[in-house]
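Results of the structural survey
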Amino acid sequence: MEKIFPNILEAIKNEDIIKKSKRIPMPYFGLFALVVFDKVKELSSETSLYEIGEDFGKFLSPKNIEELKKVFKLMDFGDLEIDEKEQPPHKIKLSNPPYKWIAKDEPIHDFIAGILAGCLEEIFKKKFIVKEVECVCQGKDKCVFEVVETN
Ligand SMILES: [Zn+2]
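This is a predicted model, so every value here is computed, not measured.

So, on to the overall build of the protein chain. What the protein chain contains, in helices and strands, is six helices and four strands. Starting at the N terminus and ending at the C terminus, the protein chain contains elements arranged as α-α-α-α-α-β-β-α-β-β. Its C-alpha radius of gyration of 15 Å places the protein chain within 12% of the 15 Å reference for a compact globule of 151 residues. Taking the principal axes of its C-alpha atoms as reference, the protein chain extends roughly 40 × 35 × 35 Å. Looking at the protein chain as a whole, 25% of its 151 residues are labelled buried. The contacts of the protein chain with a sequence gap of at least 6 include a subset with a gap of at least 24, amounting to 58%.

Take the nonpolar core next. Judged by nonpolar contacts, the single largest core of 26 residues is most densely connected at L68, A113, L116 and C119. The set of elements that each furnish at least two residues to this core consists of α4 (49-60), α5 (65-75), β1 (79-82), β2 (91-95), α6 (110-124) and β4 (143-150). What A113 contacts, discounting residues up to four positions off in sequence, is Y50, G53, V130, K131, E132 and F145.

Attention now goes to unusual backbone geometry. For the bond running from Q87 to P88, omega is -5°, close enough to zero to count as cis. Structurally, P88 is set in the loop between β1 and β2. Non-glycine residue S61 carries a positive phi angle of around 45°. Here S61 is to be found in the loop between α4 and α5. Taking the number of C-beta atoms within 10 Å as the measure of exposure, S61 has 17 and is therefore partly exposed. Despite not being glycine, N96 shows a phi value in the positive range, around 60°. Examined against the element boundaries, N96 turns out to sit in the loop between β2 and α6.

What counts, and at which threshold
- Residues numbered from 1 in each chain as written.
- Predicted model: local features only at pLDDT ≥ 70, side-chain atom pairs only at ≥ 80, totals over all residues.
- Helix = DSSP H or I, 4+ residues; strand = E, 2+ residues; numbered from the N terminus.
- Rg over C-alpha atoms; globule rule 2.2 N^0.38 Å.
- Buried ≥ 20, exposed ≤ 12 C-beta atoms within 10 Å, placed from the backbone.
- Contact = placed C-beta atoms within 7 Å.
- Core = buried A, V, L, I, M, F, W, Y, C linked by C-beta atoms within 7 Å.

All quantities given are derived from atomic positions and should not be read as evidence of function.
Below, the structure written as structure tokens:
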């Protein structure tokens, strides 16, 4: 599997390849994540899904907000709403996210919050903490993420 990692990194922004790619239904992707995460925990690492998402976002490495939105579409992770007058943005909304059929009383998209933090770091060359404050899984219209710059 490791043999194909360079090819994967080359393909992530290639719309032709992405559009022709097979789809993994989200619950199976979640299962895959669970297995990887369990393995990481087994190695007694304290890492969180947020931190894994952050590295994921750095690999995605969008050049700007427009490309960040495009990459989310390509991943089928939903539609991002970002006010481009704010550079960097303080608030990001996401409609149609993965796992929207889950009902919880707290936000669930830590992984996506991490991805956004990693992507924003690549775009603005600054560190951010991204926190989900409202979630479709709580019956809200959209997921809402707050973005705070750190030093
Ligand atoms: Zn959410």
